[in-house]
Structures are given as structure tokens and as C-alpha cells.
Amino acid sequence: MERLPSVSLRRDPAGPRPSADPEALRRWVVAFCIIRFDLEQGQLVEECFPPDSLPHHQLLLVAFSSFPDSMSHHHVNPNTAHRPSSSSSSSIHDCIFSFRFPAAAADGGDFLYGYVFNRRRQDERLPRGGEQKSVVILSRSPYSSVFRPLLQILGPLCFDIGPSALGLVASHVAAWPAPAPGAPMDLPIGSAALRVHLPPALYDAAAPFPPANPSVPHGLFHDADIFGSFRGLLLHLWTLWELMLAGEPLLVIAPTPPQCSEAVAALVSLVAPLPFSVDFRPYFTIHDPGFARLNSLGEDEEFPPMVLGVTNLFFLKALRNIPHVVSVGSPGPNTGRALPVASRSASTGMPGRNSRPGKLNLEQLSLNKFSPSGLLNAMKLRREGPLCLMTEHKEAVWSTYTATTKPDTAILNRLIDSPRIEESMSVANNEILRRHFLELTTNFLAPFGPYLRATTPSKGTSPFVDPPPLPPFHADEFLSGLATRGPGKFLSKRMRSNWLELYRSFLEGQNFMPWFHRRRAAAEQEQHRLWRQARMSTDMNKLISKMSEVEIVDSFNAIERHLLAEIQQLGDASEDSAVVCQKLKGDLRVVFNVLPKDMQQLLLSNPKRSSLLQSDPEPGKHPSVQSSPVAELKFSFLSL
């Protein structure tokens, strides 16, 4: 597990006890917990800070989610005492993982994210040869780039000075400024600072599309280890990207909670900048309240769209009707975030790792290379199905889904592979993969651009008229037009002939409508801003000099309507609205000045309208327009 530089957080015992403003703390953290696993009583919550911050049922779920689940052959079962060998009297194993579960409706719904520092200490001097504890941070925010390094400070500190570490760290967190989604932040913690770049808000309508800078986070879990999690299944990343795009149900099984939760986070990050709207659980256990419902599904019932990360092999039997299963990671003593050593890619029968340092060996990875033994292994695995993991862990993908996107060999050629991947190499590989899938997703979403594009007033036209509505969207018409135009040059080189089916699956899945509605709202908001800006820069005298009488009357109506809308916004104490009101009021008087005297008197007879023209009208620069029945009819319907 990665270590941070030494951070001093100790307080003076004689000094005042650190305090944390509860409201300021909740901007980042809901609760800090210390949970101990007792062999006789099970999971026990030793400490929760702030006290009473979680109801009992949520505390119970947090406790069960903070330790390795049972029924796994690949890690130490917390229900089984393990005594170290005589050659080693004491050993410590630390790991970090995460989980997610729905928050209570009384708390505003949505989800809570749990970040766990788990320590398993084996010591023959302790009762039953060891102990296991977890330090947990609970938050409403999926800020893994913040809470993972914070856990690396808080976890060891709790084991060093005890439960008082929770209040100590909470006092620092409460002093942080409010989260700024999509922006870099420096968050002081003791003698150091966490330098992070927060992901954008889950549905940030203001986020640029397409993304302007691929190096900054454009979705959740930008720091997830894609290469490490799928090192033995790199050729399947494009299939998994499609499954995530379409919102298909997916079971991710791994030997340990860190490998399992990291793989789920990596999958969610693949579809950035598309917000992943399907329910996902980085670490799911049989104690989750949702398990009973999933376990009761009949064989003919459709599995709900979910991505479940599990370690308990019982799920292989309980959730047999889940259509897609991926097995990742490798059993080993180190359950931290260290890159797993890639094993044989079970679905292809090919080695998932190059035999020597350097570039990836594509001949070994090639799906097209014929190998009798590889073909037999693939057939055997397909026949046995995921249940073969009950006897031996393998990295594999089981799915009947036919992928559209071809693996990009140019991207694979750029990856560096060696028996021991240095951290810098892993970062470089992840950057290559993340940039590629960001570009892939952005190009996939590009055909929706015309439905999400704001318009500006054309030169010489009035910005006071209503802007044209965005084009209406109909799925059938969209698919028909797309079939004629094609997916574009970037995707055409990477997709097979059935590419339109991927769009159809995306439109029917749960990711499309939330994204499309919010991008549509963002486009309408941007269009409103652009037209408002155009009204501010319009020279009204020049504009009306080329207008007919009826157009001038229409302009008066339109300016008055916009002015009243801005006046309503003045209640929000917007300085910008006050400036716009002054500009519109001046434009209204300019138009008023070119109207015939009898029409001006008619307008001033309305007290509310007269108040909009309360200052003395400036002399018009244009000859008055003679009154006409058409103009009088229009003004007769003018009302406030």
C-alpha cells in the first residue's frame, strides 16, 4: 500500500481538546468510525465521531462492509482464527478499500460512500493469535482522491494514539473550505496538505463538453488503477466499456476487497465524461439489505442494472442469472492497492503479461492468434462458467455479449509491462488508458451534439426576440439519421458493422436520459446567457433605425418582457441583474421615444408601465412613426 510522508498531528496533552464544527465537517464527512472484529460477538463499533451521526441500521451495515466477507478461499476469513508460524511472532497487514450504499430517505436519499483502512494483526501473544480492526470514513461525496490519502494518515494514527485520533483529524477536516467540484484544492492536514483535484459534480451542467483538458478529472474515480485492475484482461476493456456504457448488470469478483472495489471504480471511470447513473457497489456483502431481494429473483426474472463488486464466492451460486461476470485480481498476501500480478486470461487462454520488461507482447494478447491449447482452455472455461472460480481463481470474462468496439492495438503497444511495475509506470499506463477511453466516450457522444448546442443571434437580427428552441429529440429519428451518416471517422475505424446496436442499447439503458436531460438543460441555460449577453451589447438606436413600425412595437413588447423578468431576479440580490435592468430600461426609453405622441400617452396611462419609463425620455434620434390600427391593436394587448 502506498505510504504518505510523515505527518505530525499530535496535540499537546495539556492543550485544549480539538473541536470540529459539525456543519463544516458534514461538508466533507458524515462520520468517522472504528470497528473491531470480535470472534465471538462479530463486528463491534468501538467509536463513532461525531456521536449519534448515524442511525443504528446504517452503523450495522457499515460494520459488516468494513471487513472481508466470508466464503472466500483467497483471503483470511475473519471468522477463522489464524495463528502465525513460529518463525514470525508478529505481522501486520494493512489494506484500503471502499463501499457504497443508499442513504436513508430522511437524509435526502442518494448514497453514502465508505472508505476503509483495515488492519489485520497476527500476534501469538494476543488471544486467538491476532486481531482485526477497521477505521472508516463515511461521506456523501465520491472523493477517493481525498479520502484514500486521508485514511493513510488517520488509520495508522488511530492504532498509534487511539480513538482520540478521530476528533483530531475531524478538527482539521472541519477547517477545510467547502468542496469545489471540478477544481484543484489544497487541504491542510497537520504539518502537510493534501493536494487534490476534485471530480466534477455528478451531473455538472456547467462542465464543458467535449472536455477541454483530458488531464483533469472528468468523472468519478479519476485516480482508479485501470491497468492494475485489468492487467490480465486488457483486451476485454473495450467490451467492459460497452457494458458500462449500456448500463448492463455486471458482477465483479476478486480475491480481496481492495482488488474488488478498485476494479469497480476503474470500470466506472472508463465511461467519463458520461456520469454513470446505474447503481454500483464497489464492495457488496451478503449482509447488505439489497442482497435478499437479488437472491430471491427467479431464473426467468431480469437482473436489475447494477455493478456489484464481491469477494464472497457464494454470490456465484446465489446470482446465477446475472448476465455478465468478470473475475479480476490474484490471490496473495498483500491485499493493498499494489498492482496484482496478472495471471492467465481465462477467457482467451493466453498469458496476460509479457515475459520480459518493456512493451506489451501483443502476439501473446492477440485474440486472433490460433492456439489449440488456448482454444481448448477457452472452451472449457465457457462450459464450466464462473462456478469454476470455486476451486481456482482465474482472471476471466463470462458474457454472451457481442462487442462492437475492437481493441485498439496502438494503445496497447504504448503500455509498459514488466514483472514489477513501478508506480511511475503504472501512472503512465493509466494515463494512456484513461485518455483513450475519454476520447472514445466523447466521440461516441458526439452525434448528440446538435441536440445540445446553444445558438446565438445572427448578425443584424434582434436579440430581444425569443431564441429558437433546441431541436426535438426522437430516438427512432436519431438512429435513422445516424445510420445514414455513420458514427464518424474516429469510431468507424474502431467499431464493427453492428455499431448501431451499441447506440440503441445506450438509448435504452439508464445512463442516457439523466445525461441527456442535464446536458439539454445546460444548453438551454447557455443559450439564455448568450442571448442575454447579446442584448447587453446591442446598440438600440442603430437596431431600430432599420425597423418597420410593427417591428418597433414588437421590440417594445420584448424589451418590456425581458425587463420584468430581470426585475423579478433582483430579489436574489444579483448585481448583474441590476446592471441588465438599467440597460433594458434605457433601451425601452429609446424605443418609446420614436413612437407617436398619442401612443406614448396611451402607454403612460398604465401606472405600472409608466413606472418603467419614470425618468424623462431622452430625445429620440429618429422621426416618430405615425400611429396605425395594427400598432394600436398590439398595444391594446400589452399588459403587465
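The coordinates are above.
Residues numbered from 1 in each chain as written. Predicted model: local features only at pLDDT ≥ 70, side-chain atom pairs only at ≥ 80, totals over all residues. Heavy atoms only, no water.

**Regarding the pairing of strand β2 (residues 42-49)**
Then comes step 1: With seven bridges joining them, strand β1 (residues 31-38) and β2 adopt antiparallel strand pairing. The partner of phenylalanine 32 across the bridge, within β2, is phenylalanine 49.
Then comes step 2: In sequence, β1 turns back onto β2 through a hairpin of three residues. (Pairing = 2+ DSSP bridges. Helix = DSSP H or I, 4+ residues; strand = E, 2+ residues; numbered from the N terminus.)

**Looking at the pairing of strand β7 (residues 192-197)**
Then comes step 1: In the sheet, strand β6 (residues 184-189) pairs with β7 via six bridges, with the strands oriented antiparallel. Each bridged residue has a counterpart across the sheet, and for aspartate 186 the counterpart in β7 is arginine 195.
Then comes step 2: Following β6, the chain reverses through two residues before pairing antiparallel with β7; glycine 190 in that reversal takes a positive phi of roughly 65°.

**Topic: the pattern of salt bridges**
One side chain can pair with another of opposite charge once the charged atoms of both are near each other.
Then comes step 1: Using the criterion set out here, one finds 17 salt bridges in the structure.
Then comes step 2: The partner of arginine 121 in a salt bridge is glutamate 131, with the nearest N and O atoms 3.3 Å apart. Taken as a pair, arginine 121 in strand β4 (residues 111-123) and glutamate 131 in strand β5 (residues 130-139) lie far apart in primary sequence, ten residues in all.
Then comes step 3: Between aspartate 408 and arginine 494 there is a salt bridge; the shortest N-O distance is 3.1 Å. Remark: arginine 494 occurs in the loop between α15 (489-492) and α16 (499-508) and aspartate 408 occurs in the loop between β15 (396-398) and α12 (409-414); sequence separation between them is 86 residues. Here aspartate 408 matches arginine 494 in class, with each residue buried.
Then comes step 4: The structure contains a network of salt bridges with shared partners spanning Arg100, Asp279, Arg281 and Asp288. (Salt bridge = Lys/Arg side-chain N within 4 Å of Asp/Glu carboxyl O. Buried < 20%, exposed > 50% of the residue type's maximum accessible area, 1.4 Å probe, protein only.)

**A look at the nonpolar core**
Then comes step 1: Grouped together as the largest cluster of nonpolar side chains are 123 residues, with contacts concentrated most on Trp28, Phe32, Phe230, Trp241, Phe444 and Phe448.
Then comes step 2: Not counting the four nearest positions on each side in its chain, phenylalanine 448 is found in contact with Phe473, Phe478, Tyr503, Phe506, Leu507, Phe512 and Trp515.
Then comes step 3: Counting 23 residues, the second largest nonpolar core, distinct from the first, contains Ile559, Val580, Val590 and Met599. (Core = buried A, V, L, I, M, F, W, Y, C linked by side-chain atoms within 4.5 Å. Contact = heavy atoms within 4.5 Å.)

**What to know about the packing of aromatic side chains**
Then comes step 1: This model, assessed by the stated rule, comprises 32 aromatic pairs.
Then comes step 2: Judged by centre distance (6.1 Å) and plane angle (55°), the ring pair of phenylalanine 276 and phenylalanine 280 falls under tilted. Across this residue pair, the class does not change: phenylalanine 276 and phenylalanine 280 are buried.
Then comes step 3: Among the aromatic residues, ring-to-ring pairing joins Trp241, Phe444, Phe448, Tyr451, Phe473, Phe478, Trp499, Tyr503, Phe506, Phe512, Trp515 and Phe516 into one connected group.
Then comes step 4: A cation over a ring is seen here: arginine 100 above phenylalanine 111, with NZ or CZ 3.5 Å from the ring centre.
Then comes step 5: Above the face of the phenylalanine 490 ring, arginine 494 is positioned so that its terminal group lies 3.8 Å from the ring centre. (Phe/Tyr/Trp six-rings, centres within 6.5 Å; stacked < 30°, edge-to-face > 60°. Lys NZ or Arg CZ within 6 Å of the ring centre and 35° of its normal.)

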